[in-house]
Amino acid sequence: MTSTLDSGATSDALEGTAFTHEGDALVAHFDTKDFAGAMRLLNAVADSAESLNHHPDVELGYGRLDLRLTSHEAGGVTDLDLELARHVQAAARELGYA
Ligand SMILES: C[C@H](O)[C@H](O)[C@H]1CNC2=NC(N)=NC(=O)C2=N1
């Protein structure tokens, strides 16, 4: 089983991103101005998740996207969650939401 990471092990990687380490997950909130913007970001997240075969829990609303990244099989945060967070942050920056 893949070993999990505690917040001390992820803090440097999360510095300057929208993500914080909360318990067994990396969480982030993005403001996107409107629903179409939230969907654009979610579509980019979905592409990254599929390419990594690692998927977020999402909450979508008008002008907002909330993400929760955790490795279900490992029972906590792993390097895959950090990798997906990097992809998400880059997509959000590219779309002007970070
Ligand atoms: C069979 C498939 O590879 C696994 O279920 C993958 C799919 N996506 C996943 N996503 C996340 N966040 N955690 C997992 O453990 C996981 N496992």
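Residues numbered from 1 in each chain as written. Predicted model: local features only at pLDDT ≥ 70, side-chain atom pairs only at ≥ 80, totals over all residues. Heavy atoms only, no water.

- Under the annotation held in an unreviewed UniProt entry, the protein chain carries the name Putative pterin-4-alpha-carbinolamine dehydratase and is attributed to Ruicaihuangia caeni.
- We quote the UniProt Sequence similarities (unreviewed entry) comment for the protein chain here in full: "Belongs to the pterin-4-alpha-carbinolamine dehydratase family."
- According to its UniProt record, the protein chain has this under Catalytic activity (unreviewed entry): "(4aS,6R)-4a-hydroxy-L-erythro-5,6,7,8-tetrahydrobiopterin = (6R)-L-erythro-6,7-dihydrobiopterin + H2O". (UniProt positions renumbered as here; feature names shortened; annotations may be inferred.)

Details of the sheet that holds strand S4 (residues 64-69)
Right, so step 1: Reading across from one edge, S1-S2-S4-S3 is the order of the 4 strands in this open sheet, with antiparallel pairing throughout. Across the chains shown, the open sheet's two edge strands, defined by having one partner strand only, are strand S1 (19-22) and strand S3 (57-61). In this sheet, adjacent strand axes meet at a mean angle of 15° when their direction is disregarded.
Right, so step 2: Looking at chain direction, strand S2 (residues 25-31) and S4 are connected through 6 bridges and run antiparallel. Looking at S4, one finds that Leu-26 is bridged to Leu-69.
Right, so step 3: Along the sheet face, helix H2 (residues 35-52) touches S2, S3 and S4 and points at about 160° away from the line of S3.
Right, so step 4: Across the face of the sheet, helix H3 (residues 79-94) comes into contact with S1, S2 and S4 while running at roughly 10° to S2. (Pairing = 2+ DSSP bridges. Helix = DSSP H or I, 4+ residues; strand = E, 2+ residues; numbered from the N terminus. Axes fitted to C-alpha atoms, helices over the stretch in contact; angles between N-to-C directions. Contact = heavy atoms within 4.5 Å.)

Considering the site of the ligand
Right, so step 1: Around the ligand, the neighbouring residues are Asn-53, His-54, His-55, Thr-70, Ser-71, His-72 and Glu-73.
Right, so step 2: Thr-70 has a polar backbone atom sitting 2.7 Å from a nitrogen atom of the ligand.
Right, so step 3: Here His-72 contributes a backbone N or O atom positioned 3.2 Å from a nitrogen atom of the ligand.
Right, so step 4: For the ligand, the accessible surface in isolation is 400 Å², of which the surrounding protein chains cover 64%.
Right, so step 5: Among the residues forming the shell around the ligand, the class breakdown is no nonpolar, 6 polar and 1 charged. (Near = heavy atom within 4 Å. Polar contact = N/O pair within 3.5 Å; in protein donor to acceptor, adjacent residues only side chain to side chain. Areas by Shrake-Rupley, 256 points an atom, 1.4 Å probe, with all protein chains shown as cover. Nonpolar A, V, L, I, M, F, W, Y, C, P; charged D, E, K, R; others polar.)

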